[in-house]
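Spelled out from the first residue to the last, the chains are:
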Amino acid sequence: MHSKFHYTYDQLIEPTFKALKYLGGSASNEEINDHIIEELSIPDEQAEIMWNKTTTTLAYRASWARTYLKKAGYIINSKRGIWQLTQKGEETELVHSADIINAVRILEKQPKLKEYVLDSNDDEEVESNEGLNERWKDKVLQLINLSSPKDFEKLCGMLLRELGFINVSIEGRPNDGGIDGLGVMKLGPVLTFHVAFQAKRYQNPVGSAVIRNFRDSMQGRAEKGIVIATSTFTREAIREAKRDGATAIDLIDGDMLTDYMKKLEIGIHTKMVEQVMVDEEYFK
């Protein structure tokens, strides 16, 4: 007969927050739970106690810890189960479980507010889809370029997690010219390979020297490389990334980056707007 799991959900709130801090600001459920086990030195027989047929007690109670942190405004999650620190979370060094629980209880007692949306553009000429496309992408890239280099590295780590990478870590230091982060891509049930990435917030196109230097820094640490930039890549850089006999490096430019962010809903949300068209010919 199994013994009871030693930790309650409120005792997992602080380790959950510490895990996200340690993992660079974003992580999957599995990564958070693994870090909790390591942080609290939970033995295997405890970590493996089941809550039901499909979920461990640790995973179940850790999910409640995340829920309380989310309600308190310290973390958010995507539809794909990736958790990320909010600005409030980034600016907070430590949290205390009792404070989180009290804050959530106070919030839950407040009356819910209805949302009203006013459209101020009813009388304006509808902009073309192409124009709107360029405008929102420019805005996203502008905001990224206004953020810190470290924030961009964390954003790239978040993107890779959403794309299916596991064990993503942020390694970069300012102006190091090398690897900014590492991750593991799993293909099927058994095949995995290590990937290094570099984040470049450039206004001008990224040149081939960046690709060569990055490839040199990858030696012995990764089988694959990705360079993520807010600008574009020169033709020479594209050729260098695909050069025969050298480690292949994938390139994600600003246009692809914003497309991925929109698709994965990383800081970008879309909504459908009804447009009523009057057929004047019909009335004639």
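Our structure is the block above this text.
So, how was this worked out
- Residue numbers restart at each chain and count upward from 1, following the sequence in its written direction.
- In keeping with the model being predicted, local features are shown solely for residues with a pLDDT of at least 70 and side-chain atom pairs are shown and tallied solely at 80 or more, while totals for entire chains, interfaces and linings include all residues.
- Values shown for side chains rest on all heavy atoms present in the structure; no hydrogens or waters enter the calculation.
- The criterion for strand pairing is that DSSP finds at least two bridges linking the strands in question.
- Each helix is a run of DSSP H or I of at least 4 residues and each strand a run of E of at least 2, with the numbering of both proceeding from the N terminus.
- Note on geometry: axes are lines fitted to C-alpha atoms, helical ones only across the stretch in contact, with angles between N-to-C directions running from 0 to 180 degrees.
- By the convention used here, residues are in contact when the closest approach between their heavy atoms is within 4.5 Å.
- Throughout this description, buried means an accessible area under 20% of the type-specific maximum (1.4 Å probe, protein chains only), exposed means over 50%, and partly exposed covers the range between.

Visitor: Sorry if this is basic, but what is going on with the sheet that holds strand β1 (residues 26–28) here?
Guide: Backbone hydrogen bonds hold the strands of a sheet together, and the pairing may be parallel or antiparallel. The antiparallel open sheet is built from three strands, whose spatial order is β1-β3-β2. The outermost strands of the open sheet, each flanked by one partner alone, are β1 and β2 (75–77). Taking each pair of neighbouring strands and ignoring which way they run, the sheet shows an average axis angle of 25°. Note that β1 and strand β3 (residues 82–85) share three bridges and pair antiparallel. Looking at the pairing, S28 lines up with I82 of β3. Along the sheet, helix α1 (residues 13–22) contacts β1, β2 and β3; its crossing angle with β3, the most-contacted strand, is approximately 85°. Most of the contacts of helix α4 (residues 57–71) go to β2, to which it runs at about 115°, and overall it touches β2 and β3.

Visitor: What is the right way to look at the environment of D259 in this model?
Guide: Summarising the element assignment, D259 is placed in helix α11 (residues 254–264). The exposure class of D259 is partly exposed, given its relative accessible area of 36%. Linking D259 and K137, residues 122 residues apart in sequence, is a C-alpha distance of 8.3 Å. Dropping the residues within four chain positions of it, D259 is found in contact with W136 and K137.

Shape descriptors only; they carry no functional weight alone.
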